[in-house]
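Results of the structural survey
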Amino acid sequence: MKTWDAIVIGAGHNGLVNACYLQRAGLDVLVVEKNDWIGGAATSRSLTPGFLYSNCSYVCSLFRPEIMRDLELPRFGLQVISYEGGAVFTRDGDYLANYRDHHAHRREFARFSARDAEAYDRYARDVTRQCRFIQPLLMRTAPDPTSFRPRDIGELIYLGKKFAGLGAAEMADTLRFWTMSISDFLDEHFETDVIKANFALSGIIGTALGPMSPGTAYVLLHHYMGEVDGSVGAWGYARGGMGAVTKALADSFRASGGTIRASAEVEQVLVKNGKARGLVLAGGEEIFGKLVVSNADVKRTFLKLVEEKELPDTFLRRVKNFKMRGSSGKVNIALDSMPEFPALPKDSPCYRGDMHFTDSVERMERGYDDWKAGRWSADPFLDMMMPTMLDPTMAPPGKHFMSCFVQYCPPKVEGRDWTDADRDAFAETVISQIANYSPGFRDRIVHMEVRTPRELEAEVGLTEGNIFQGELTFDQLLFNRPVPGYAQYRSPIDGLYICGSSTHPGGGVMGAPGRNAANEILRDLSQPTKHMSPAHDVI
Amino acid sequence: MTSFDAIVIGGGHNGLTAAATLAKSGRKVLVLEAASEIGGAARTEEFAPGFRAAPAHLLNRLHPEVVKTLELERHGLALGPIAPSVALSRDDKPLTLHGAYGESLSGASASEAAAWQELRAQLLRYAGILKPLLARRPPELGNMSLMETSAFAMTGLSLRRLGKEDMRDFLRMLLMNVSDVADEHLDDDRLKGLLAFDATLGSHLGPRSPTSLLGLYYRLAGEFGRQPGAQALPAGGMGAVVAAILRAAKAAGVSIRADAPVARILAEKGRAAGVALDSGEEIRARTVVSAINPHSTFLDLVGTREIDTGFVRRIKNIRMKGDAAKLHLALDRPPEFSGVDAAGHRGRLVIAPSSDHVERAFNPAKYGEFSPEPVMEITLPSLSDPTLAPDGACVLSAVVQYAPYALKEGWEAGKPKFLAAIMARLELYAPGIGRLVRHAELLTPADLEARYRMPGGHWHHGELQADQMMMSRPAFGAAGYDTPVEGLFLCGAGSHPGGGVSGVPGLNAARRIIEMRG
């Protein structure tokens, strides 16, 4: 019977990134995927004829350029197209436009407030400075602060030096920034509601926090530190939908000799004498491997795939305490024609990016209050876009695919499980939010897919529908992610690794967890890592 | 005209502590108080004929160093017994925390009591790690002296001494929200509600807000009678504590002038040279120490022309809109809280039925509305000190949240409504209390601001949240008590470590001045 060098559970982007790096290091790697399609939450699916949906993740910004180069993803067909604009519609029939060009953007702000236009330069500088500080940490393994090993101490010293290198005043700003709420941070810069709302959204996307919660300024950073074509903070579409990312990864993986098995659901990780030996699939088939890497979230991996008796109590307690409450839903819509938004000029570049309807931070925060009470937001925040404005491959000519990310949406409805009726009511809330700004919108809908945390969990395996495989709060970042003592992609079981978004640096289609895990695995195997280009330090 | 070495602006407990400490070092010190009485928000005042109370009503963090340095016991500081905390409940019997923050519980199940002891020990252990950091001057960013570095190293060492797993939990929990921590350990809503309330008291946070656990650590880092987490109702009210500090100051030779509001801090070539009073009188001194709010100190008294714009912006950015109101009731006789025994009535009674309830009470405050079902901590100080009320009558003193400083409808319209909401809550837990009320005084943050000259009505002189603590308190450039204006120092609650009757900012500032030969 064949024994693989490594078996990766889950063909999501991090699993594939990990597999690619291992395979390229000369290992014989198998990826198993429970669905009959690959990609996990980064996928393009055709659910109605002629249309392709990016049905979970919908935007490409965080994906690390180093990984893209190392794995030659452009050669395997990945192409990222930057947003050309964006807009926030206001309740009074106006809108705030987002332009890629800093100066055009600034002029737009001046339409609302001269003071805010002035402040924009300072804001952009402050945020970029924070990005510069954090970006190099993404592709490093977090040190264990309780360890005396030279490598951990060296890494702590690196962090300390990097911090000290900021200079006293910037150190002070950084310290404050990390624990602030995005709302307070924006209040220090801007005075106009809609401008604050426009920036606040990045502080809450995918997070079970409101914009007034401390720590959301960091979440903003998490969404800003990405880049498209070297342009920091830029967001873009993957041509052909987000599945193009994982398709390119899969093709790159296969081209280097890797094997992927779809429709292969893992039931258990085989553990013998405290060491991982392979997998048991649903149906009983056993697959053997010298090591197992799980791209499933930390709860699914250790509470479902591994027997409790194999794990120390402290570890189990911490895994159980890991917070991964889902906070968002998704509505994917096929439209038979271009919807009208009377507020926007017909050929505005704002259609070629993301559009929002939440024009104040208070409305966002009230949406969060609903979530805390176990309800979806009555006035939801939508990150809405039509990728087909820039990428005609996703819908028939003249028709459009619309992606609506919806926040907030709780994992349970007032403490009970979601029902189909709840899901329909949730969809109705979303559609009417759009229809308020787009007359005749309902009549253009050809097909719709509604995804609540229930669907996200059932289909993609994200526990409680948390899109980041775990909340991005201080207690779950850096050396605390996923749990203290195991932030270095290893687990209490010898030969069992984790490489998903539950690990440092967290969620988003970034690929960093998958690569970092591969780096640790190859170290353990004393294999060279020359095929990993060094993480770049300067933006 | 007499000249002074140092002038202290503000005669609250921190100003007096700084003044007394400086005077003990041989300096000639003058304290200027704007009001006609000394004591700031810790002074006991008559709010109805024969009824007296102070905004601060519980003693839980007066620092032993302050007691020792100023010899407060010799100056008449009398400490009462440790007071219990009672978590009131409508459907259940109340749950009581006895001793120092719940050394034992009554009214809880055996398993809950066991879980509590474990959590309590953990919280006290972690608060103990933070305690030295909260007691000393915060380290200077980018320029740590050997002393400071070694102090930090000591904290690191005490962390290591916790053992690996405990240290990991400490680092994980440091910036967590109190609600999740409580949920991880406890089941009882009354207990969780109490923790949620204590963690968020005095700040613009709900129990679900990340970092809210810090509020609980801040409380548990305080001590009373050498017992961490313990609290007491001081004999004679909080005014008696201030009186003891005042006596210590006078004994050390401090001159005190009430009714002397300061109009300006005189700055000459970037250096403080004295103050000008509202009356126009100028008093010169080499050192000026401000115990009042940093915002007022720099923007009103120094003036933006004397400081660079970056620093002005940092000062302007300090968040200091209070959320806590203070209620004083003059009652015909002591009220009876359902299910609470006599000892409980002499303690602290808390209405915060669950963590979720506290969170829901917080929600409206974010939008400039008061809580329709407020949470509160209640004491009946006249039960311990009968001099505070006429014979047989009773004073009820309560801190009530959430009452946002900038109420959208304005406090003139909102105050009667909020008082009605509070009385409705009280009636649920002490039926019939409404009929006992002879007089009610509700101090909203707007009232506290006007009466005690605390901008935003914030008793910490600035939000006590992670981004405004330690080296960021009150703002970078002034976190070590000395400021960009040479000869001008800060010594109030707006400075590290923050508010509460601790005396630490005052003591630390004085020590810093002495160290800098100011």
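Residues numbered from 1 in each chain as written. Chains lettered and ligands numbered in written order. Predicted model: local features only at pLDDT ≥ 70, side-chain atom pairs only at ≥ 80, totals over all residues. Heavy atoms only, no water.

The name recorded for chain B in an unreviewed UniProt entry is Pyridine nucleotide-disulfide oxidoreductase domain-containing protein 2, from Pseudaminobacter soli. Quoted verbatim from the Subunit (unreviewed entry) field of UniProt, the annotation for chain B is "Interacts with COX5B; this interaction may contribute to localize PYROXD2 to the inner face of the inner mitochondrial membrane." (UniProt positions renumbered as here; feature names shortened; annotations may be inferred.)

Chain A carries the name Pyridine nucleotide-disulfide oxidoreductase domain-containing protein 2 in an unreviewed UniProt entry, which gives Pseudaminobacter soli as its organism. Quoted straight from UniProt, the Function (unreviewed entry) entry for chain A says "Probable oxidoreductase that may play a role as regulator of mitochondrial function." Word for word, the UniProt comment on chain A under Subunit (unreviewed entry) is "Interacts with COX5B; this interaction may contribute to localize PYROXD2 to the inner face of the inner mitochondrial membrane."

Quick look at the overall build of chain B now. When helices and strands are tallied, chain B shows 18 helices and 19 strands. Relative to the 2.2 N^0.38 estimate, which gives 24 Å for 518 residues, the radius of gyration of chain B is 22 Å and therefore close to what a compact globule would have. The dimensions of chain B, computed from C-alpha atoms along their principal axes, are 65 × 60 × 45 Å. When each of the 518 residues of chain B is scored for burial, the buried share is 64%. In chain B, 72% of the contacts between residues at least 6 apart in sequence involve partners at least 24 apart. About 18,400 Å² of surface is accessible on chain B, with carbon and sulfur atoms providing 52% of the total. On chain B, the mean spot of the 57 positive side-chain charges and the mean spot of the 56 negative ones are 5 Å from each other. (Helix = DSSP H or I, 4+ residues; strand = E, 2+ residues; numbered from the N terminus. Rg over C-alpha atoms; globule rule 2.2 N^0.38 Å. Buried < 20%, exposed > 50% of the residue type's maximum accessible area, 1.4 Å probe, protein only. Contact = heavy atoms within 4.5 Å. Areas by Shrake-Rupley, 256 points an atom, 1.4 Å probe, with all protein chains shown as cover. Lys, Arg positive; Asp, Glu negative; His and termini not counted. Charge placed at Lys NZ, Arg CZ, Asp CG, Glu CD.)

Here we take up the overall build of chain A. When its secondary structure is counted, chain A shows 16 helices and 22 strands. The globule rule puts the C-alpha radius of gyration for 539 residues at 24 Å, and the 22 Å found for chain A is close to it. Each of the three principal axes of chain A carries a C-alpha extent, and together these read 65 × 60 × 45 Å. The buried share of chain A, reckoned over its 539 residues, is 64%. Within chain A, counting contacts between residues at least 6 apart in sequence, those at least 24 apart form 72% of the total. For chain A, the exposed area adds up to about 18,300 Å²; of that, 51% sits on carbon and sulfur atoms.

All names here are of chain A. Examined against the element boundaries, valine 266 turns out to sit in strand E13 (residues 266–272). By relative accessible area, valine 266 is classed as buried at 12%. Beyond its immediate chain neighbours, meaning those up to four positions away, valine 266 contacts Ile9, Val32, Leu279, Val280, Leu281 and Leu305.

In this structure, arginine 314 of chain B sits in helix H11 (residues 309–316). The sequence separation of arginine 314 of chain B and histidine 295 of chain B amounts to 19 residues, and the corresponding C-alpha distance is 9.9 Å. For arginine 314 of chain B, the side chain forms a polar contact with the side chain of aspartate 173 of chain A, separated by 2.7 Å. (Polar contact = N/O pair within 3.5 Å; in protein donor to acceptor, adjacent residues only side chain to side chain.)

Looking now at the packing of helix H3 (residues 102–112) of chain A against helix H4 (residues 114–138) of chain A. Residues and elements named next belong to chain A. For the pair H3 and H4, interaxial distance at closest approach is 7 Å and the crossing angle is 145°. Where H3 crosses over H4, the two elements pack in a sense that is right-handed. Two secondary-structure elements touch here, H3 through His102, His105, Arg106, Phe109 and Ala110 and H4 through Ala114, Asp116, Ala117, Glu118, Tyr120, Asp121 and Ala124. Each residue belonging to the contact of H3 with H4 can be placed in one class, and the counts come to six nonpolar, two polar and four charged. (Axes fitted to C-alpha atoms, helices over the stretch in contact; angles between N-to-C directions. Left-handed = near helix turned anticlockwise from the far one by under 90°. Nonpolar A, V, L, I, M, F, W, Y, C, P; charged D, E, K, R; others polar.)

For the rest of this paragraph, the subject is the state of the cysteines. Such a bond, covalent and formed between the sulfur atoms of two cysteines, is termed a disulfide. Inspection of the entire model under this criterion finds zero disulfides over all chains. In this structure cysteine 20 of chain A is not part of a disulfide, and its nearest cysteine sulfur, from cysteine 499 of chain A, lies 11 Å away. (Disulfide = S-S within 2.5 Å.)

Residues and elements named next belong to chain A. Annotation of chain A at the domain level lists domain 1 (3–42 + 63–78 + 241–322 + 470–524) and domain 2 (324–463). The centre of domain 1, based on its C-alpha atoms, is set 30 Å off from the matching centre of domain 2. In total, domain 1 and domain 2 occlude about 980 Å² of area from one another, counting both sides; carbon and sulfur atoms represent 48% of this. Taken as a group, Asp297, Arg300 and Glu471 account for 42% of the area that domain 1 buries against domain 2, more than any other trio of residues on that side. (Domains from an automatic or database assignment. Buried area = accessible area lost by both parts, 1.4 Å probe.)

Our next topic: the interface of chain A and chain B. On the chain B side, the residues contacting the 42 residues of chain A number 35 residues. Approximately 3,500 Å² of surface area, both sides summed, lies buried where chain A meets chain B, with 54% of it carried by carbon and sulfur atoms. Here chain A and chain B share 14 salt bridges between them. Glutamate 362 of chain A serves as the salt-bridge partner of lysine 408 of chain B, at 3.4 Å between the closest nitrogen and oxygen. One can count 25 residue pairs in polar contact (both at pLDDT 80 or more) joining chain A with chain B. Looking at the side of chain A that touches chain B, the elements that each hand over two or more residues are helix H6 (168–179), helix H12 (313–321) and helix H13 (361–372) of chain A. (Salt bridge = Lys/Arg side-chain N within 4 Å of Asp/Glu carboxyl O.)

For the structure shown, the criterion picks out 36 aromatic pairs over all chains. Seen from their ring centres, phenylalanine 109 of chain A and tyrosine 120 of chain A are 4.9 Å apart, and the 70° between their planes marks the pair as edge-to-face. Taken together, the residues span a long stretch of sequence, with phenylalanine 109 of chain A in helix H3 and tyrosine 120 of chain A in helix H4 at a distance of 11 residues. Across the pair, tyrosine 120 of chain A and phenylalanine 109 of chain A agree in class, each one buried. Relative to tyrosine 408 of chain A, the ring of tyrosine 368 of chain A has its centre 5.6 Å away and its plane inclined at 50°; by these criteria the two rings are tilted. Here tyrosine 368 of chain A is found in helix H13, whereas its partner tyrosine 408 of chain A is found in the loop between strand E20 (400–407) and helix H14 (420–435), with 40 residues between them in sequence. We classify tyrosine 368 of chain A as buried; its relative accessible area is 2%. Taken together, the ring pairs connect Phe109, Tyr120, Tyr123, Phe177, Phe185, Phe190 and Phe199 of chain A into an aromatic cluster. Lying over the aromatic face of tyrosine 367 of chain B, arginine 366 of chain A brings its terminal NZ or CZ to 3.8 Å of the ring centre. Taking NZ or CZ as reference, arginine 61 of chain B lies 3.8 Å from the ring centre of tyrosine 218 of chain B, over its face. (Phe/Tyr/Trp six-rings, centres within 6.5 Å; stacked < 30°, edge-to-face > 60°. Lys NZ or Arg CZ within 6 Å of the ring centre and 35° of its normal.)

What follows deals with the sheet that holds strand E8 (residues 95–99) of chain A. Residue and element names in this part refer to chain A. An order of E8-E7-E18-E19-E20-E17-E21 is seen for the seven strands of this open sheet, with the pairing classed as mixed. If you trace the sheet from one side to the other, it starts and ends with E8 and strand E21 (445–451), each paired once. Within the sheet, the average angular offset between the axes of one strand and its neighbour, ignoring direction, is 15°. With two bridges connecting them, strand E18 (residues 353–356) and strand E19 (residues 381–385) associate as antiparallel partners. Bridged to aspartate 354 within E19 is methionine 385. (Pairing = 2+ DSSP bridges.)

Time to look at the pairing of strand E14 (residues 275–281) of chain A. Residue and element names in this part refer to chain A. Among the seven residues of E14, five are classified as buried, and the element is accordingly described as predominantly covered. Here six bridges tie E13 to E14, and the two strands are oriented antiparallel to one another. Within E14, the residue paired with valine 271 across the bridge is alanine 276. Linking E13 back to E14 in an antiparallel pair, the connection comprises two residues, with asparagine 273 at a positive phi of about 50°.

Attention shifts here to unusual backbone geometry. Cis geometry is found at the peptide bond from arginine 481 of chain A to proline 482 of chain A, where omega equals -5°. Examined against the element boundaries, proline 482 of chain A turns out to sit in the loop between helix H15 (453–460) and strand E22 (496–498). In this chain, arginine 473 of chain B is followed by proline 474 of chain B through a cis amide linkage whose omega measures -10°. Mapped onto the fold, proline 474 of chain B is located in the loop between helix H17 (445–452) and strand E19 (488–490).

Let's shift gears to the pattern of salt bridges. Taken as a whole and assessed by the stated rule, the structure comprises 92 salt bridges over all chains. Taking the shortest distance from any N to any O, the salt bridge between arginine 74 of chain B and glutamate 71 of chain B comes out at 3.4 Å. Linked through salt bridges whose partners overlap, the residues forming this network are Arg125, Asp126, Arg129, Glu170 and Asp173 of chain A together with Arg314 of chain B.

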